[in-house]
Amino acid sequence: GTVWMDLLSGKIIFPDKCYKGMIRIGKDLGHFSSASNKTHLFLADNSKMIFHGKASFAKGCSIRLTHNAVFESFGNTRFGDDVRIMAENYICIGENSGITFGCQIIDTNFHYILDLETSSINRKAGKVIIGANNWIGNRASIMKNTVTPDWCIVGSGSLLNKNYGDESFIILAGTPAKIVKRNKKRIYD
């Protein structure tokens, strides 16, 4: 597929080491065809993509980092077709985690909202932290303030929007997501 890049003054950083084939963007992984073969990468002023190891983004992905936003990926992360990543603050993906097709990871509400009773305005952006060895099912939406533990499976079509603690080997599912199973692990072989 085609990769469209708009690197205003954003940076791609490799703090450990960088080698050929480490980052793959717009790759046809042979899974589900995307409506568009175009992969978009937009890094606004002072934004950063930090890679601590291999990462693979399938075709049709869209990555948008606004001013000062940080996207950090630890080794061996995989992103399926049509994944949307939108950061205004901070998104972190733990090592060996897979984000399947059609998912979205968004750390912002995009708009400020006024509470008419208290006259307070909540922050529009938060953080998203995906633990190591996570498997995120297709079409899941991971929103601001989400924190998942290591060894977590997220069911297809789920909506995550809070800190799910540090209990490993859980399955989260639903809208909004909650723990539906414990002591479960995805088998890769």
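What counts and how
Residues numbered from 1 in each chain as written. Predicted model: local features only at pLDDT ≥ 70, side-chain atom pairs only at ≥ 80, totals over all residues. Heavy atoms only, no water. 1 Å grid on protein atoms, 1.4 Å probe; cavity = no way out; pocket = protein on both sides within 12 Å on 5 of 7 lines; lining within 4 Å. Points joined across faces, edges and corners; volume = space filled by probe spheres on them. Pairing = 2+ DSSP bridges. Helix = DSSP H or I, 4+ residues; strand = E, 2+ residues; numbered from the N terminus. Salt bridge = Lys/Arg side-chain N within 4 Å of Asp/Glu carboxyl O. Buried < 20%, exposed > 50% of the residue type's maximum accessible area, 1.4 Å probe, protein only. Patch = residues over 30% accessible without salt bridge, like charges linked within 9 Å, V, L, I, M, F, W, Y side chains within 5 Å. Areas by Shrake-Rupley, 256 points an atom, 1.4 Å probe, with all protein chains shown as cover. Phe/Tyr/Trp six-rings, centres within 6.5 Å; stacked < 30°, edge-to-face > 60°. Lys NZ or Arg CZ within 6 Å of the ring centre and 35° of its normal.

**Concerning empty space enclosed by the protein**
Per the counting criterion, the structure on display carries one cavity of 30 Å³ or more. Lining the largest cavity we find N133, N134, W135, W151, C152, I153, K185, R186 and Y188.

**A short note on the pairing of strand β21 (residues 177-182)**
Relative to β21, strand β20 (residues 170-174) is paired through five bridges, and the arrangement is antiparallel. The residue of β21 that forms the bridge with L172 is I179. Linking β20 to β21, which pair antiparallel, is a turn of two residues.

**Describing the pattern of salt bridges**
According to the stated counting rule, one finds two salt bridges in the structure shown. K124 is paired through a salt bridge with E88; the nearest N and O atoms lie 3.4 Å apart. Separated by 36 residues along the polypeptide, K124 in the loop between β13 (104-106) and β14 (127-130) and E88 in the loop between β10 (84-87) and β11 (90-93) bring together distant segments of the chain. E167 serves as the salt-bridge partner of R182, at 2.8 Å between the closest nitrogen and oxygen. Of this pair, R182 sits in strand β21 while E167 sits in the loop between β19 (159-160) and β20, placing them 15 residues apart in sequence. The exposure class assigned to R182 is partly exposed, which follows from its relative accessible area of 45%. Of the residues examined, E167 reaches a relative accessible area of 30% and is grouped as partly exposed.

**Details of a nonpolar patch on the surface**
Nonpolar side chains collect at one region of the surface, where Y112, L114, L116 and I121 lie side by side and expose about 510 Å² of accessible area between them. Structurally, L116 is set in the loop between β13 and β14.

**Quick word on the sheet that holds strand β2 (residues 11-13)**
Reading across the sheet, the six strands line up as β2-β5-β8-β11-β14-β17 and stay open at both edges, with parallel pairing between neighbours. Single-partner strands in this sheet number two, and they are β2 and β17 (146-147). In terms of strand pairing, β11 meets β14 through four bridges, oriented parallel. Bridging across to β14, C92 finds its partner in I129.

**Regarding the sheet that holds strand β3 (residues 23-27)**
Where strands meet in a sheet, backbone hydrogen bonds hold them as pairs that are either parallel or antiparallel. The strand order β3-β6-β9-β12-β15-β18-β20-β21 describes an open sheet built from eight strands, whose pairing is mixed. Two strands lie at the open edges of the sheet, namely β3 and β21, each paired on one side alone. Looking at chain direction, strand β15 (residues 135-136) and strand β18 (residues 152-154) are connected through two bridges and run parallel. Each bridged residue has a counterpart across the sheet, and for W135 the counterpart in β18 is I153.

**Some thoughts on the packing of aromatic side chains**
As enumerated under the stated definition, the model contains seven aromatic pairs in all. Here the aromatic rings of F51 and F57 are separated by 6.3 Å at their centres, their planes lie at 80°, and the arrangement is edge-to-face. Owing to a relative accessible area of 1%, F51 belongs among the buried residues under this scheme. On the basis of relative accessibility, which here comes to 0%, the residue F57 falls in the buried class. Note on F57 and F79: the rings are 4.4 Å apart at their centroids and 5° apart in plane angle, and the pair reads as stacked. With F57 in strand β6 (residues 55-58) and F79 in strand β9 (residues 77-79), this residue pair connects regions lying 22 residues apart in the sequence. One aromatic cluster is present, formed by F14, F51, F57, F71 and F79 through successive ring pairs. Geometry around F42 places R64 over its ring, the cationic atom sitting 4.1 Å from the centre.

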